[in-house]
Amino acid sequence: PQPIRLADYTPPAWRAETVRLVFDLAPRGAKVHAKIRFIRGEGPEGPLRLDGQKLMLMAAKLDGRDVFHDVALDADGLTLAGPLPDAFDLETTVEIDPEANTELEGLYLSNGIYCTQCEAEGFRKITYFPDRPDVMATYSVRIEAPASTPVLLSNGEPGEAGALPDGRLFAEWHDPWPKPSYLFALVAGNLVAHRDRFTTASGRAVDLGIWVRPGDESRCEYAMDALKRSMRWDEEAYGREYDLSVFNIVAVDDFNMGAMENKGLNIFNSKYVLASPETAGDRDYELIEGIIAHEYFHNWTGNRITCRDWFQLCLKEGLTVFRDQQFSADMRSEPVKRIDDVKMLRARQFREDAGPLAHPVRPEQFIEINNFYTATVYEKGAELIRMLHLMVGPKAYRQALDLYFERHDGQACTIEQWLDVFQTVTNRDLTQFKLWYSQAGTPRVTVSEGWKPGKYTLTLRQDVPSTPGAPSKKPMAIPVAFGLLGQGGRELVEPGVLELTEPEQTWTFDLDERPVPSLLRGFSAPVILDRRSTAAERAFLLAHDSDPFNRWEAARAMALEALMGAEPVAPFAEALRLAIADADLDPAFRALLLTLPGDDELARETWARGRQADPDAIHAASETAKAALAEALEPELRALYTAMESPGPYSPDAAAAGRRALRNACLGLLSRRPVGPSLAEAQAKAPSMSERLPALAALLHAGAPAAEPALAAFAEEWKADPLVMDKWYLLQATTPREGTLARVKTLSEDPSFAWKTPNRFRSLVAAFSTNHFCFHAADGSGYRFLADWLLKLDPLNPQTAARVAGAFETWRRYDDARQSLIRAELERIARAPALSRDLTEIVTRMLG
Ligand code: B3K
Ligand code: ZN
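Residues numbered from 1 in each chain as written. Chains lettered and ligands numbered in written order. Predicted model: local features only at pLDDT ≥ 70, side-chain atom pairs only at ≥ 80, totals over all residues.

This part is about the overall build of the chain. From N to C terminus, the chain includes 25 helices and 31 strands. Relative to a compact globule of 848 residues, whose C-alpha radius of gyration would be 29 Å, the chain shows 28 Å and is just as compact. Along the first, second and third principal axes, the C-alpha atoms of the chain reach 85 × 65 × 60 Å. The contacts in the chain between residues at least 6 apart in sequence include a share of 70% that link residues at least 24 apart. (Helix = DSSP H or I, 4+ residues; strand = E, 2+ residues; numbered from the N terminus. Rg over C-alpha atoms; globule rule 2.2 N^0.38 Å. Contact = placed C-beta atoms within 7 Å.)

Now the structure itself:
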């Protein structure tokens with residue numbers, strides 16, 4: 001297949017103004033009637049070309065005249081050659097097959113619920129349409145369906161609804177806001193609502209509904225609470241009000257990703273809606289809050305202002321991720337949120353940026369757009385907004401955003417237009433900053449220092465690595481937030497931001513004492529900071545830095561050295577001993593200090609230091625160090641474990657979750673001590689999932705005899721609850737012990753394993769691929785297992801297969817033997833007949 005290129009963008013020859021859709025739903029042979037008002041667009045004149053896939057055209061009329069025999073059909077759409085009037089109505093009727101739709105894109109059935117997923121290019125599987133985001137139209141929708149699926153939802157405002165003479169039901173919806181086709185949504189099912197109401201700042205009432213399968217309505221409370229807080233927060237932080245009288249969320253079980261921001265009708269993976277203390281852990285609650293907020297915030301950043309084309313994806317995703325990060329920071333602890341986000345950025349985006357799938361935040365070409373919903377577009381995209389925010393300051397940032405909404409409401413925009421509002425407001429030239437959008441690769445900033453009594457110099461050098469297809473890079477604009485610390489942690493200068501714009505720059509400070517620099521505070525830029533520091537300096541920063549991020553960073557640096565066997569464990573243990581006992585520190589923050597780098601991170605670090613990674617050696621060294629640490633800190637860990645016990649019933653709030661996180665981090669280390677299993681066994685009987693699951697993990701990790709009965713009891717209790725069983729699968733798949741693969745294979749071959757549901761596939765197969773020790777088994781058995789499953793999933797669900805295939809993207813880190821084993825699996829996949837475009841693109845790039 002030919003790549004699509006940003007450079008080839010042309011405006012559409014035809015625009016759709018209004019869309020009228022009538023659905024006649026049935027599992028097979030659902031009928032979609034569309035009446036679309038077309039007008040000429042700004043693009044070069046040409047025939048009417050509409051996208052369409054897997055559609056059976058039954059009728060076509062132009063202004064009422066039959067044109068069925070005039071349209072030319074091919075596998076990707078239809079063409080209607082001229083001469084065409086400047087404006088006309090096109091009516092088509094197509095038949096589609098929701099039951100056969102296993103790709104989960106377009107209109108499909110999930111557990112008896114009809115639902116849609118149109119982003120990025122799924123609308124073309126519903127009807128013929130110019131399926132591109134710069135075509136924005138108003139939609140009105142009529143749904144007719146059997147009485148067995150009585151709840152009929154679409155975007156916008158509800159209209160008439162009722163029963164038809166034949167007993168079937170109907171409902172009408174009208175969305176007054178012009179939108180691109182990717183935001184269209186429809187749901188039909190036997191659903192119940194958890195309802196609430198929200199009054200906007202200007203006093204308009206909004207009916208809120210979270211729609212779930214009967215029986216699940218008691219698990220919606222937290223999602224609803226998060227929704228109301230999100231709506232209020234967007235009013236307060238960005239001045240953005242909701243713009244319809246209803247807002248609906250639907251939870252479905254089969255979903256390729258987390259959720260989707262369809263106008264007025266968000267559709268969610270049920271995993272990110274449903275929660276109760278018995279079934280969901282603290283991390284689940286946190287994710288529900290963050291994703292509910294994210295999708296809601298898209299209403300302004302994505303829906304009211306959308307993307308001109310898919311190359312601009314980060315325009316809505318980077319910004320919306322940044323907004324949801326700000327929201328979560330406000331709801332919980334800002335430093336803890338920042339540390340979590342940076343951990344994720346490094347684990348997923350730095351990894352991507354350093355491998356064969358590296359691409360710019362605004363890619364310049366793609367074969368399958370679904371392959372570009374990546375950590376780079378989302379998370380690095382958010383980092384770029386964060387840097388802008390830091391560089392211009394919160395006040396100018398808000399002014400720029402106000403201008404963005406004022407200038408571009410109702411438009412499909414580009415990164416140029418986004419940056420221009422900042423240039424207008426601040427008069428700053430952002431030409432160099434814009435390189436962040438086009439240059440892939442994580443810049444490395446190398447620090448050197450000089451000291452003569454009275455004079456301290458700080459030199460920063462930047463190197464931007466080459467990435468696939470982009471060998472040489474220009475220097476970037478990198479904001480480095482910093483402080484200079486003296487005795488006892490005193491700030492010797494006003495903390496500020498150094499803007500590194502040249503390949504190398506030096507700053508000079510007149511100081512009476514030699515400082516310890518605290519650089520890249522708050523992780524002010526997505527770069528790798530390279531500074532030779534001593535163990536003493538790191539311990540000093542962990543104890544004294546006023547920037548919590550860098551305190552944690554200092555602990556992480558110590559942990560890396562200890563776990564990689566580069567430095568003795570004792571000094572790290574001493575530094576940790578002080579920090580975890582510091583009652584002034586938030587328990588959630590202390591939990592982060594105690595959560596040590598995993599094997600994957602150690603492998604990335606090994607490779608970044610220019611050595612091939614040996615997964616067995618990494619695992620052995622890190623387990624030894626962790627055991628030594630647990631031994632050294634046992635009394636403190638036990639004391640904290642007891643002190644952090646929850647007094648009352650479960651509450652999902654950040655403070656209570658932080659205490660549990662600290663307690664569970666203690667248990668994780670204590671599982672390496674003789675006392676571990678008995679603590680874990682007791683905790684495994686606790687009523688909340690936030691306590692039970694980490695206890696089970698500790699038992700499994702320790703290989704304790706109590707592990708198997710506990711696992712069996714868990715399965716017996718939850719076998720009818722797929723979301724909870726996902727945790728059971730994941731726990732087993734991620735245990736780093738010999739024998740895990742055999743167990744995972746047995747589980748995956750059991751008929752009860754519903755692998756076609758993406759959540760199940762991810763909880764077992766994809767989860768196993770994150771088990772560094774087992775996935776990278778020297779005999780290649782882990783690689784073969786994954787490749788077999790990808791080949792099995794691809795014909796049914798290429799999008800999820802391609803995403804999970806990213807597990808192989810790190811292959812160049814490892815020793816030659818493993819490299820050739822992985823290569824062989826990738827080549828085997830590439831040779832498979834009828835491989836999807838999605839998986840072909842990913843595998844080809846990985847082999848590249
Ligand atoms: N915009 C959707 C993601 C769509 C993914 C399509 N493969 C969810 C989100 O980012 O909010
Ligand atoms: Zn998003």
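What follows covers helix α14 (residues 654-670). Spanning 17 residues, α14 covers 24 Å between terminal C-alpha atoms, matching the ideal 24 Å at 1.5 Å per step. Taking burial as the measure, the 17 residues of α14 include 15 buried ones, the bulk of the element. (Expected span 1.5 Å × (residues − 1). Buried ≥ 20, exposed ≤ 12 C-beta atoms within 10 Å, placed from the backbone.)

Taken in spatial order, the three strands make up an open sheet running β4-β8-β7, and their pairing is antiparallel. In this open sheet, the two edge strands, each paired with only one partner strand, are β4 (48-51) and β7 (72-74). Taken pair by pair, the neighbouring strands of this sheet meet at an average axis angle of 15°, ignoring direction. Examined bridge by bridge, β4 and strand β8 (residues 77-80) share four bridges and lie antiparallel to one another. Paired with R49 across the strands is T79, a residue of β8. (Pairing = 2+ DSSP bridges. Axes fitted to C-alpha atoms, helices over the stretch in contact; angles between N-to-C directions.)

Another point: the domain arrangement of the chain. By domain assignment, the chain separates into domain 1 (1-190), domain 2 (531-673) and domain 3 (719-848). Using C-alpha coordinates to define each centre, domain 1 is positioned 53 Å away from domain 2. (Domains from an automatic or database assignment.)

Formed by 255 residues in total, the largest nonpolar core has its most connected members in V187, V250 and V273. Broken down by element, the residue count for this core peaks at 11 residues, all from helix α5 (residues 375-408). Non-local contacts of V250, meaning those with residues more than four positions away in its chain, are made with C115, L153, V187, L191, W211, I267 and F268. (Core = buried A, V, L, I, M, F, W, Y, C linked by C-beta atoms within 7 Å.)

Going from E119 to A120, the amide bond is cis rather than trans, its omega being 0°. Looking at the secondary structure, you find A120 in the loop between β11 (113-117) and β12 (137-145). One non-glycine residue, N111, adopts positive backbone phi at about 55°. Among the structural elements, N111 can be located in the loop between β10 (106-110) and β11. Its 13 C-beta neighbours within 10 Å are what place N111 among the partly exposed residues.

This part is about the site of ligand 1. As a structural note, the neighbourhood of ligand 1 is formed by E119, A120, M257, A259, M260, E261, H294, E295, H298, E317, N370 and Y373. Counting residues per element, the ones that place at least two in the shell around ligand 1 are β20 (259-260) and α2 (282-297). Grouping the constituent residues of the shell around ligand 1 by class yields five nonpolar, three polar and four charged. (Near = placed C-beta within 6 Å. Nonpolar A, V, L, I, M, F, W, Y, C, P; charged D, E, K, R; others polar.)

As a further point, take the confidence of the model for the chain. Low pLDDT means the predicted coordinates in that region are not meant to be read closely. Of the residues in the chain, 100% reach a pLDDT of 70 or more, and the chain-wide mean stands at 98. Interface confidence for the predicted complex, given as ipTM, is 0.99, next to a pTM of 0.99. (pLDDT = per-residue confidence, 0-100.)

Attention now moves to the UniProt feature "domain: Peptidase M1 membrane alanine aminopeptidase" (unreviewed entry) in the chain. Mapped onto this numbering, the UniProt entry gives "domain: Peptidase M1 membrane alanine aminopeptidase" (unreviewed entry) at residues 222-433. Within the segment residues 222-433, helix and strand shares are 56% and 9% respectively, and the terminal C-alpha atoms sit 39 Å apart. (UniProt positions renumbered as here; feature names shortened; annotations may be inferred.)

For the rest of this paragraph, the subject is the pairing of β8. Remark: a regular strand shows side chains that alternate across the two faces of the sheet. On β8, burial follows the alternation: L78 and L80 on one face are buried, whereas G77 and T79 on the facing-out side are not. As paired elements, β7 and β8 share three bridges and run antiparallel to each other. The residue of β8 that forms the bridge with D74 is G77. Taking the residues between adjacent antiparallel strands as the criterion, β7 and β8 are bridged by two residues.

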